[in-house]
Structure formats: structure tokens, C-alpha cells
Amino acid sequence: MLQTVHEWFWWHRIWLPVNLTWADLEDREGRVYAKVSDLYITIPYSIAFLIIRFLFERFIAPSAAKTLGIKDTLRLKVADNPILEKYFCSRSRNPTQADIDGLSKKCSWSVRQVERWFRRRRNQDRPGIIKKFKEASWRFVFYLSAFIGGIVALYDKPWFYDTKEVWRAFPRQSLLESQYWYYIIEMSFYWSLLFRVAFDIKRKDFKEQIIHHLATLTLLAFSWCANYIRIGTLVMILHDVSDVILELAKIFNYAKLPVICNTLFVLFAFVFIVTRLVIFPFWLIHCTWVYPVLDFPPFFAYYFFNVMLIVLLLLHVFWAYLILRMLNKFLFGNMVGDERSDQEEEEEDDGNTSDSEEQTKVRNGSGAVKKMPNNQCSH
């Protein structure tokens, strides 16, 4: 059974153009071709990336944050309350007004105390500025290194300037050492992102991020096996360029340098639109959709690869929508943060009486509060 599935999966008519078999892609006459077994090393390399990232975030990023004057904001901790904690963990982080009224009676707390408790409790679970900076700085270092490496690997290749060269002599295109390492490093990095996605900062586009990582890995693995390596390198470098600017803009945002941050964000929005919504569909997808059929009839790998590119394009459209919303807020002067981020809630300035002091007053009084004074919250 497994042998049959294996033979069907690797049937040459699925992966290769007509009249070609896997025997035509065996190493000979100085030509070296990509092999499926080459991709196995991306898993241990992704573990190495996780170790390097841990060391970077532990020793290098904190020093960089200190140099830029980045500090976590002081957050007030919530008072211990088993009833509210159970509700928060098991039912909802954002209770309805009716639930707040009910919890207020159960705890013998005022409604405003319960509301403040939930607000502070939500803030406690939100990542601090230092954690955000560590993630952004790590990604910036990688994307910048990958982009520079991609330029070094591609600047002297004819298909970097003329997409028709992508298909010259396809699929009998020898694998270059620069292409090998470019693929292996990029795939290992995306595996590491996928392994860490549950522990990284969770944003509103969490599901889209997972789809993006899976689509990227599938696209890269498939292009490797089908020898679509030339177009694969172009897709990778096109994606890295805007990511470098985005992560750098985040760093300056956390450093509270708004002029530099806003300038970089506008530059990022421009580069993203041009690369992801213009060059990607009208150059790269056009290259994979139009040119191959000029030399051989369409086959399964041709359709599958283009479908995966379209999935990425749809994700680009989704993110472009979020970026344009942010750009609109920026241009009209009400930019408040990342559209994808869960923003921290502001504390109410109610005076100098702390929660614990007020709770003591309630317990020592009638057990209920008819009208709360204005001095409830200590900052």
C-alpha cells in the first residue's frame, strides 16, 4: 500500500513536463540536481535557528534595547480574586455588562472595580515592549542577512534581470551552491517561525500567519523537488525586501522615534505594494503562468505551483488592506498602532486609593457600595 502511494506520488507525469522522467534529472556530466533528501537537513537547521534566536534574545537584544532607551512600561498587578480569575481563564477575557454586574455581587466589589480588574488582567497577558523589540530585532537581522545573501546569490544571474531566462533549458538546470544554501537557510528559518508561532506575540492575523508559513514552506519544498529553483529564489528575495523595512520601522517605534518610524512605515507601504501587488503578480506569476506553456504542455506541477503563488497573492491583498488602513490613519493624524496588534488598554485616573484599600473599606462596611468615590485607583 505505502509503496503504491509512494510510486503514485512521485510519478514523473505529475512533477515533470511530458517526455521527461526522473532519470533525466540524475547527476551526470558535471550537472547536479536538487534532491528531496536535501530538505531533511532543514529540520535540524531550524532547531539551530531556535537556539541562535534564544541566545540573541537573551544576550544581544536586551543590550540593543538598553542602548535605544527601550523599557517596559510599569503595569499594575491585579488583586488575587479566584472568582474573577476563573471567569477570565475559562469563560471570557471581555465579560458582558450583565456578567460584570453578576461578578460584582459575587465578589462584593463595585462594578468599576471589576471592570478595572479585567482591564488590568488583560494588560498583564499582553506582551511587553521588550518582548516585541526582541522579536522585531531578530526578524530584522535575519531578513536583512537573507536579502543581502539573496543579492549576492542572484546579482550575476541572467534570470534576475530577464524572467524568460527562468525557463531556459528547464528542467535540466544544474543546482548552484548559492541556490542550495539560499533555499536551505530560508526554509530552516520558516520552520523555526512555525515552531515558535504559538509562543510568539499573537496578533489579529495569527491564522493568516500560519497559512503564510505553511504556504511558503510548501511552495519552497515543491519548487525544490520540481526544479523550479530559479523562480523560487526570485520569490524569496522579493518577499525579504519589504520585511526588512517593516521590522526596522517596528524597532524605531519601540524606541519612541516617531519621525524615523513613520518615514520607514510610509517607505514600507510603498515597497510592499510595489513588490507584492505589482511585481509579484505581473512579473513573477506572469512568468510562471505564461512562459512554461510556450515550451511544453501544462502538467500538474505547473498548475499546483501557480495555485500556491495565488494563495500567497491573496494573503498579500489581505495584508495590503491592513497596511492601507494604517496608512490612512497615519496620513490623517490618528495613527495609534499596528492594526494587527492587540493594543494595551489605558488605566483610568481615579485618584490615589488602591484596590486593596477600597476592598477593605467594602468588607468593613456594609458589604456593598451605594456610590463609589472618585479616588479608586492608584497609579
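Just so we're clear, the structure is a prediction, and the values are computed from it rather than from any experiment. (Residues numbered from 1 in each chain as written. Predicted model: local features only at pLDDT ≥ 70, side-chain atom pairs only at ≥ 80, totals over all residues. Heavy atoms only, no water.)

Colleague: I'm lost on the overall build of the protein chain in this one. Help?
Modeller: Scanning the protein chain from terminus to terminus reveals 13 helices and zero strands. The order of helices and strands in the protein chain, counted from the N terminus, is α-α-α-α-α-α-α-α-α-α-α-α-α. The contacts in the protein chain between residues at least 6 apart in sequence include a share of 79% that link residues at least 24 apart. Roughly 20600 Å² of accessible area belongs to the protein chain as shown, and the carbon and sulfur atoms make up 63% of that amount. (Helix = DSSP H or I, 4+ residues; strand = E, 2+ residues; numbered from the N terminus. Contact = heavy atoms within 4.5 Å. Areas by Shrake-Rupley, 256 points an atom, 1.4 Å probe, with all protein chains shown as cover.)

Colleague: Help me out: how do you make sense of helix α4 (residues 82-90) in this one?
Modeller: The periodicity of an α-helix, 3.6 residues per turn, causes residues three or four places apart in sequence to face the same way. Taken residue by residue, α4 has L84, Y87 and F88 as its buried positions. Looking straight down α4, one finds that the buried residues subtend no more than 100° of arc, so they occupy a single side. Facing away from the buried side of α4 by over 90 degrees, the exposed positions are P82, K86, C89 and S90. Those residues of α4 hidden inside the fold are in contact with α5 (97-107) and α6 (111-125). The opening residue of α4, the one whose side-chain oxygen lies 3.1 Å from the backbone nitrogen of I83, is N81. (Buried < 20%, exposed > 50% of the residue type's maximum accessible area, 1.4 Å probe, protein only. Arc of directions from axis to C-beta. Polar contact = N/O pair within 3.5 Å; in protein donor to acceptor, adjacent residues only side chain to side chain.)

Colleague: How do you make sense of the side chain of S188 when you look at a structure like this?
Modeller: Topologically, S188 is positioned in helix α8 (residues 177-196). Within polar-contact distance, the side chain of S188 engages the backbone oxygen of I184 at 2.6 Å. Those residues in contact with S188 that lie beyond four places of it in its chain are T42, Y45, S46 and F49.

Colleague: Mind showing me how you'd approach the pattern of salt bridges here?
Modeller: Charged atoms that come close allow side chains of opposite charge to pair. Evaluated as defined, the whole model comprises 13 salt bridges. Across the pair E135 and K131 runs a salt bridge, and its minimum N-O distance is 3.9 Å. In this pair, E135 and K131 both sit in helix α7 (residues 129-154), four residues apart, roughly one turn of the helix. Via salt bridges that share partners, R53, E57, R139, R196 and D200 belong to a single interconnected network. (Salt bridge = Lys/Arg side-chain N within 4 Å of Asp/Glu carboxyl O.)

Colleague: Mind showing me how you'd approach the environment of L234 here?
Modeller: Following the sequence through the fold, L234 ends up in helix α10 (residues 229-254). Distance from L234 to G150, taken between C-alpha atoms, is 8.6 Å for residues 84 residues apart in sequence. Look past the residues within four positions of L234 in its chain and what remains in contact with it is L154, W159, F160, V166 and L284.

Colleague: Explain the packing of helix α3 (residues 42-67) against α8 to me, please; I cannot follow it from the model alone.
Modeller: When two helices pack together, their arrangement is captured by the angle between the axes and the distance separating the axes. One way to put it is that α3 packs onto α8 with a least axis distance of 8 Å and a crossing angle of 65°. Considering their axes alone, α3 and α8 lie roughly perpendicular with respect to each other. The two elements α3 and α8 cross, and the hand of that crossing is right-handed. Contacts from T42, I43, Y45, S46, F49, L50, R53 and E57 of α3 reach α8 at W181, I184, I185, M187, S188, F189, W191, S192, L193, F195 and R196. Considered class by class, the residues forming the contact of α3 with α8 number twelve nonpolar, four polar and three charged. (Axes fitted to C-alpha atoms, helices over the stretch in contact; angles between N-to-C directions. Parallel < 35°, antiparallel > 145°, perpendicular 65-115°, else oblique. Left-handed = near helix turned anticlockwise from the far one by under 90°. Nonpolar A, V, L, I, M, F, W, Y, C, P; charged D, E, K, R; others polar.)

Colleague: Explanation requested: α10 in the structure shown.
Modeller: For α10, spanning 26 residues, the distance from its first C-alpha to its last is 38 Å, which sits close to the expected 38 Å at 1.5 Å a residue. Across the 26 residues of α10, 22 count as buried, placing the element largely inside the fold. One or two steps after α10, the chain reaches K256, where phi turns positive at roughly 55°. (Expected span 1.5 Å × (residues − 1).)

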